[in-house]
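Summary of the model geometry
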Amino acid sequence: MSGRASAGSAPAADSAGDAENRLAAVISPLRRTLLAAARERGELPDIPDAQIEVVRALLPSSGSAERGPAELAEALHLNRSTVSNLLGAMEADGLVERRRADGDGRRVVVVLSPRALDLFGRFDQAAGELLRDALETLDPADREAVTAAVPALEKLAAALRGSTR
């Protein structure tokens, strides 16, 4: 016997808590699995997760294709020294470039290099292909449920970002 109450007898809070725990338990492994598989499929280098987050924060789709180091630290909820170290390593790897801001020669901004844009374009393509292939293995009802959940997951991600501020 599992010790779990039979369907319908558990309080709503318990089932909600169970769903939250199950979601938390699946998100991180899903992300790591997709990242590793996309790296392999796209024959991409192993870029640390923290650097990936910096790149994501600088992508044109993020709303700001250039940011100062302090802005990046704030956006990513990291210490300025951590961001400085990340940017140093990323600059050495040819992923970012630091330059003077247009109109304010005293301000330094960080932009993605063409190499970073290429790598992350390839990563997104490989990840999209992997997800499409994996979704095709699901039965139609599960595939539809995953597709329907995307807007709610986007809102959940935004809510989590908001709760860390």
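Just so it is clear, the structure is predicted and the values come from calculations on it, not from any experiment.

1. Some points on the overall build of the protein
Each helix and strand counted, the protein has six helices and three strands in total. Across the 165 residues that make up the protein, the buried fraction comes to 24%. Within the protein, counting contacts between residues at least 6 apart in sequence, those at least 24 apart form 46% of the total. Surface summary for the protein: the accessible area is close to 11,000 Å², and the carbon and sulfur share equals 55%.

2. Side note on the confidence of the model for the protein
Put simply, the protein has an average pLDDT of 86, and 88% of its residues get 70 or more. Mean pLDDT values for the elements of the protein range from 84 in helix α1 (residues 12-41) up to 95 in helix α4 (residues 80-92). A low-confidence stretch, residues 1-10 stays under pLDDT 50, and its non-local contacts, those more than four residues away or across chains, total two contacts.

3. Describing empty space enclosed by the protein
Under the defined criterion, the tally for this structure stands at one cavity of 30 Å³ or more. Estimated volume of the largest cavity: approximately 70 Å³. As for the largest cavity, its lining consists of Leu 35, Arg 39, Leu 44, Pro 45, Ile 47, Ile 52, Leu 119, Phe 120 and Phe 123. Of all the secondary structure elements, the ones that give two or more residues to the lining of the largest cavity are α1 and α5 (114-136). Partitioning the lining of the largest cavity into residue classes produces eight nonpolar, no polar and one charged.

Basis of the calculations
Residues numbered from 1 in each chain as written. Predicted model: local features only at pLDDT ≥ 70, side-chain atom pairs only at ≥ 80, totals over all residues. Heavy atoms only, no water. Helix = DSSP H or I, 4+ residues; strand = E, 2+ residues; numbered from the N terminus. Buried < 20%, exposed > 50% of the residue type's maximum accessible area, 1.4 Å probe, protein only. Contact = heavy atoms within 4.5 Å. Areas by Shrake-Rupley, 256 points an atom, 1.4 Å probe, with all protein chains shown as cover. pLDDT = per-residue confidence, 0-100. 1 Å grid on protein atoms, 1.4 Å probe; cavity = no way out; pocket = protein on both sides within 12 Å on 5 of 7 lines; lining within 4 Å. Points joined across faces, edges and corners; volume = space filled by probe spheres on them. Nonpolar A, V, L, I, M, F, W, Y, C, P; charged D, E, K, R; others polar.

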